[in-house]
Each structure stands twice: as structure tokens, then as C-alpha cells.
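Notes for the structure review
Here is what each chain is made of, one letter per residue.
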Amino acid sequence: MAATQLNNFRGDMKYNEPMSRHTSWRAGGLADQFYTPLNEEDLSELLASLSAKEFLFWLGLGSNLLVRDGGIRGTVISLKGSLSEIKLLDEKKIQIGAGASCAKLARFCSKNNLIGGEFFAGIPGLLGGALAMNAGAFGGETWDYVESVTTMDRQGNIYQHKSQDYQTAYRKVTGPEGEWFVSAVLKFEKGDGEKAAENIRQLLHKRAQIQPTGLPSCGSVFRNPENDYAARLIEVSGLKGKKIGGAIVSEKHANFIINENNASAADIEQLIYFVQRQVKEKQGIELQTEVKIIGEPG
Ligand SMILES: Cc1cc2nc3c(=O)[nH]c(=O)nc-3n(C[C@H](O)[C@H](O)[C@H](O)COP(=O)(O)OP(=O)(O)OC[C@H]3O[C@@H](n4cnc5c(N)ncnc54)[C@H](O)[C@@H]3O)c2cc1C
């Protein structure tokens, strides 16, 4: 258990919090401390009060995350329900907190006649997670729209960075180390908001046709290798429907692993490595995980 003295915090601190409540796979052990800040200042104060040795993990909606069954020895900073304000700065620019959901961002854009951000509608995470992952879909990627970001380090200090301070690629972002995102300025094009709303409906419909949406998963488990698709490689390796414990490779989209029946994080992790080994053996390609795997074994 982390030994942090918290005197003046105004957010919500939970102890021994099951991470299965905060990951879309609905699996994972206990986090020692689980903090939802009231606002940016509160978060900064909390961070300044933590020991320099404390393990810190920033969480969005846990939609790209496997937390092992032994949980997290340290403090999770959860932005769900916090730092979620979105406002227009001018005709094309918006300021958005890292705790705003991607779905809210897409709706905000269409309501304000901004186009380009429709793809965010189907990404079931928060802006912070989308910035960290360079989340994307249907040809759009988060960092295509970033002008600048505000970050915080583990002492609670705030920094401003231009998007040029980051190198971004497919599901990959590198930039200033030891800092996490608290907000961003995004820039879109002016356009027809009603068309954008229609586009959102179509993209969500298309997604529901090709993905097992609504079931506990983490979306695509593996990154697509260059010039190929992880789903195709998994499917031709005959792995659709493969089960370990309560986890199963989706029959609908082979790059999805579903928590079908109270899977433990260990079931899911073993299935990930099984798929990786089989694809390597049968197709000669080593798939890399897109999902982040953290925490202690159970
Ligand atoms: C059904 C389904 C469909 C999906 N479809 C897509 C898709 O089309 N495209 C796509 O790209 N992804 C997709 N995903 C994966 C996932 O939604 C994205 O990666 C998303 O951006 C993760 O956001 P999150 O808030 O859930 O992040 P989390 O899973 O909570 O965290 C992911 C990583 O981001 C880091 N992080 C979170 N917040 C911050 C912060 N404020 N500052 C710094 N680092 C932070 C975490 O530490 C972790 O390393 C899908 C997932 C599901 C379940």
C-alpha cells in the first residue's frame, strides 16, 4: 500500500479499487490508490504530495489496456468525469480537456459546424488516451488535428508544447518524457455540421457491422503490420474462436479478443501470446501488441 499523506485533496480517492471496473475488458486486479481529480489545480497538488518513488499510471477509459490480475502497486490517476470541458476558441479551434470523451468531441464538432473529427465518434476512450495512442479510424488520426497540448509532470508542473514537439506515427507518439496530457488545442475545418452528424451515424453503423461492439474487448489487440492486417493474419492462421479460459478470439473480427465468460487478465494475456506465437509460426510475421499491458501477475 502506498504511504501517501493526503491532507487537502478535493478529488475522489479510492483505495484497493478493482481495475476490472475501469477497463473495457472488465478484467484486472486492485489498484492501491485510485484518484479522480476535481480539477487541474487539485491534480497538481495531489501529484506534488506523492512520493517520487510512487508508481503513477494515468488512465482514460481503459479501452486499450490490460491490467494484470495482481493489480497496480501505486497510484492511478483517472480522468473519467474530470478535466472534460470543451470550448470554442475561435471559428476553427477548440480547447478540450484530456478527460473529455472522444464521442463528446465528435458531437461538439458537428454541433459547431466543424468537420474532420467525425472518426472520433467510435473511439471509446478519452482525449488523453487518444493523444497518447494517436488513436485513429477511417483515415483520420488524432494528431492530424492537434495544434498544441498542455501537459503535467509528476511534480504537478504544467508545460505547453506545440504539436511539432511530438513525433507521431500509426498508433505511436513520442515527445517530452515524464509528462502527461491535461488538455489540447485542436483545429478543424469549417463545414456543414449536419453532414458531419450524418457521417458520424454512417461510421458508427459501419463499425457495428464489422466489429463486435458492445462486448467487453479492447478493440484491436495487435497493430497492423506494414502492408497487411493483423485480423487477416489471425484469421488465415485459423484462430477465430480460439478460447483460453473465459477469453475468445472474436468470430466477427479476428483482431478482437472478447471477455466472453469472466475471463481473468491472465486468460486474456495467454490468448494474446498464443495468437502471437501461432501467427509467427504459420505466417512468419511477429505481431506487435497495440494494447498496453501493465500491473502485477495474479
Ligand atoms: C470496441 C473498441 C473499438 C476501438 N476502436 C478503436 C479505433 O477505431 N481506433 C483506435 O485508435 N483505437 C480504438 N480502440 C482502442 C482505444 O479506444 C483507443 O486506443 C483509445 O484512444 C484509448 O483511450 P482510453 O482513454 O481508453 O485510454 P486508456 O486505455 O485508459 O489508456 C491507453 C494509454 O494511454 C495512456 N493515457 C491515458 N490518458 C493519458 C493522459 N491524459 N496523458 C498521457 N497518457 C495517457 C495510458 O497511460 C495508456 O498507456 C477501440 C477500443 C474498443 C474497446
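Here, the structure is the one placed above.
Residues numbered from 1 in each chain as written. Predicted model: local features only at pLDDT ≥ 70, side-chain atom pairs only at ≥ 80, totals over all residues. Heavy atoms only, no water.

1. Considering helix 1 (residues 40-49)
Asp42, Leu43, Ser44, Leu46 and Leu47 are the residues of helix 1 that are buried. Along its buried surface, helix 1 packs onto strand 1 (12-18), strand 2 (30-36), strand 3 (56-59), strand 5 (72-78), strand 11 (146-153) and strand 15 (179-187). One side-chain oxygen at the N-terminal end of helix 1 lies 3.3 Å from the backbone nitrogen of Glu41; it belongs to Asn39. (Buried < 20%, exposed > 50% of the residue type's maximum accessible area, 1.4 Å probe, protein only. Helix = DSSP H or I, 4+ residues; strand = E, 2+ residues; numbered from the N terminus. Contact = heavy atoms within 4.5 Å. Polar contact = N/O pair within 3.5 Å; in protein donor to acceptor, adjacent residues only side chain to side chain.)

2. Concerning the pairing of strand 2
Most of strand 2 sits inside the fold, with six of its seven residues counted as buried. Note that strand 1 and strand 2 share six bridges and pair antiparallel. Bridge assignment links Tyr15 to a residue of strand 2, and that residue is Gln33. (Pairing = 2+ DSSP bridges.)

3. Observations concerning the packing of aromatic side chains
Under the criterion given, the structure shown has eight aromatic pairs. Ring geometry for Phe119 and Tyr145: centres 6.1 Å apart, planes at 35°, overall tilted. Residue Phe119 is found in the loop between strand 8 (114-115) and helix 3 (127-133), and its partner Tyr145 is found in the loop between strand 10 (140-141) and strand 11; the two are separated by 26 residues along the sequence. Across the pair, Tyr145 and Phe119 agree in class, each one buried. Both rings, one in Trp143 and one in Tyr166, keep their centres 4.9 Å apart while their planes meet at 40°; by these two values the pair is tilted. Of this pair, Trp143 sits in the loop between strand 10 and strand 11 while Tyr166 is found in the loop between strand 12 (158-162) and strand 13 (167-169), placing the two residues 23 residues apart along the sequence. Both residues of the pair, Trp143 and Tyr166, count as buried. Taken together through their ring pairs, the aromatic side chains of Phe119, Phe120, Tyr145 and Phe188 make up a single cluster. (Phe/Tyr/Trp six-rings, centres within 6.5 Å; stacked < 30°, edge-to-face > 60°.)

4. A closer look at the state of the cysteines
Here the structure, examined in full by the defined rule, presents zero disulfides. Looking at the unpaired Cys102, the closest cysteine sulfur is the one in Cys109, lying at 11 Å. Of all cysteine sulfurs in the structure, the one in Cys102 sits closest to Cys218, which takes part in no disulfide; the separation is 14 Å. You can call Cys218 buried: its relative accessible area is 3%. (Disulfide = S-S within 2.5 Å.)

5. Focus on the sheet that holds strand 2
The sheet built from four strands is open, its strands ordered 1-2-5-3 with mixed pairing. Two strands lie at the open edges of the sheet, namely strand 1 and strand 3, each paired on one side alone. Averaged over all pairs of adjacent strands, the angle between strand axes in this sheet comes to 30°, irrespective of strand direction. (Axes fitted to C-alpha atoms, helices over the stretch in contact; angles between N-to-C directions.)

6. Regarding unusual backbone geometry
Backbone geometry places Asn134, a non-glycine residue, at a positive phi of 50°. Here Asn134 shows up in the loop between helix 3 and strand 9 (136-137). Asn134 gets classed as buried once you look at its relative accessible area, which sits at 0%. In this structure, Asn262 is a non-glycine residue whose phi angle is positive, near 50°. In this structure, Asn262 sits in the loop between strand 19 (257-259) and helix 6 (265-283). The exposure class assigned to Asn262 is exposed, which follows from its relative accessible area of 73%.

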